[in-house]
Amino acid sequence: RGPFEKVRSLSKIYPFNSQLLQMLYSFNGDQNGSINLMKGYIPLEGKMTEYQQITDETNNFELDPLKISYITRIISLCKQNNIRLVIINSPSILNSEGESMSFDVIADIGKEYDTEVWNYENDERFLKAEYIHDVYHLNDEGADVYTSAIASRLRRESINDNLGLE
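(A) Local environment of the packing of aromatic side chains. This structure, assessed with the given rule, holds three aromatic pairs. Aromatic side chains Tyr120 and Phe126 sit 6.0 Å apart centroid to centroid with 65° between the ring planes, which places their arrangement in the edge-to-face category. Overall, Tyr120 belongs to the buried group, its relative accessible area being 5%. Ring geometry for Phe126 against Tyr146: centres 5.3 Å apart, planes inclined by 80°, an arrangement best described as edge-to-face.

(B) Main features of the environment of His133. Relative to the elements of secondary structure, His133 occurs in strand β5 (residues 132-134). By relative accessible area, which is 28% here, His133 ends up partly exposed. With 10 residues separating them along the chain, His133 and Ala143 place their C-alpha atoms 9.8 Å apart. Beyond its immediate sequence surroundings of up to four residues, His133 is in contact with Leu44, Glu45, Gly46, Met48, Leu138 and Asn139. Separated by 2.7 Å, the side chain of His133 and the backbone oxygen of Glu45 make a polar contact.

(C) Region of interest: unusual backbone geometry. Although it is not a glycine, Asn82 sits at a positive phi angle of roughly 50°. With respect to the helices and strands, Asn82 occurs in the loop between α4 (65-80) and β2 (86-89). Here Asp114, not a glycine, exhibits a phi torsion of approximately 55°, which is positive. Tracing the backbone through its elements, the reader meets Asp114 in the loop between α5 (97-112) and β4 (116-119). Owing to a relative accessible area of 65%, Asp114 belongs among the exposed residues under this scheme.

(D) Expanded view of α4. With 16 residues, α4 extends 22 Å from end C-alpha to end C-alpha; this agrees with the ideal 22 Å at 1.5 Å per step. Within α4, the full set of buried residues consists of Thr72, Ile75 and Cys78. Down the axis of α4, the smallest arc covering the buried residues is 125°, so these residues share one side. Along α4, the residues that are exposed and aim more than 90 degrees away from the buried face are Pro65, Arg73 and Gln80. Of the residues flanking the start of α4, the one acting as N-cap is Asp64, its side-chain oxygen 2.9 Å from the backbone nitrogen of Leu66. Once α4 finishes, Asn82 follows within two positions and takes phi at roughly 50°, a positive value.

(E) Molecular detail of the nonpolar core. In this structure, Val86, Trp118, Tyr120, Phe126, Tyr131, Leu138, Tyr146, Ala149 and Ile150 together form the largest nonpolar core, which totals nine residues. Broken down by element, this core gets its largest block of residues, three residues, from helix α6 (residues 140-163). Apart from residues no more than four positions distant in its own chain, Ile150 is found in contact with Ile88, Trp118 and Tyr120. Counting residues in hydrophobic clusters, the runner-up holds five residues, among them Ile75, Ile87, Ile106 and Ile109.

(F) The arrangement of the pattern of salt bridges in detail. Within this structure, the stated rule accounts for five salt bridges. Across the salt bridge formed by Arg125 and Asp123, the nearest N and O atoms sit 2.7 Å from each other. The exposure class of Asp123 is buried, given its relative accessible area of 17%.

Rules used in this analysis
Residues numbered from 1 in each chain as written. Predicted model: local features only at pLDDT ≥ 70, side-chain atom pairs only at ≥ 80, totals over all residues. Heavy atoms only, no water. Phe/Tyr/Trp six-rings, centres within 6.5 Å; stacked < 30°, edge-to-face > 60°. Buried < 20%, exposed > 50% of the residue type's maximum accessible area, 1.4 Å probe, protein only. Helix = DSSP H or I, 4+ residues; strand = E, 2+ residues; numbered from the N terminus. Contact = heavy atoms within 4.5 Å. Polar contact = N/O pair within 3.5 Å; in protein donor to acceptor, adjacent residues only side chain to side chain. Expected span 1.5 Å × (residues − 1). Arc of directions from axis to C-beta. Core = buried A, V, L, I, M, F, W, Y, C linked by side-chain atoms within 4.5 Å. Salt bridge = Lys/Arg side-chain N within 4 Å of Asp/Glu carboxyl O.

Dropping the structure here:
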């Protein structure tokens, strides 16, 4: 959020601004239907030539209380409606003090509300140069490996839940 958030939120397309070009492309006639076939997923190509954990020591990081209240509300709604919620932190090579601090708060909220929190931020299985597109994103190959691991864990734990196992 920034100082112009209220003004920007007046726009009905604001939530989609980062995807505007992809949306226009699909409306203009994506001849081979690749975007529709991918159901919104747009793979990132390219690999980092060299992987190195990057540290960003931003000390003036301040948590947004509104975002914290939204997380709490989402967890509460899921609990009220018997919806299993899993909060997942994706792999990242940007080791930021602020990012870690915000996820610590989310993890604490998860514990308070007895909600599962899975932290893959520093999981070495996914932090390999061949899986990384840039500091914030996995490439298509990395995303595929990561998604398979998450799906496998969800499937395994759902089966255990249904069998009453832990």
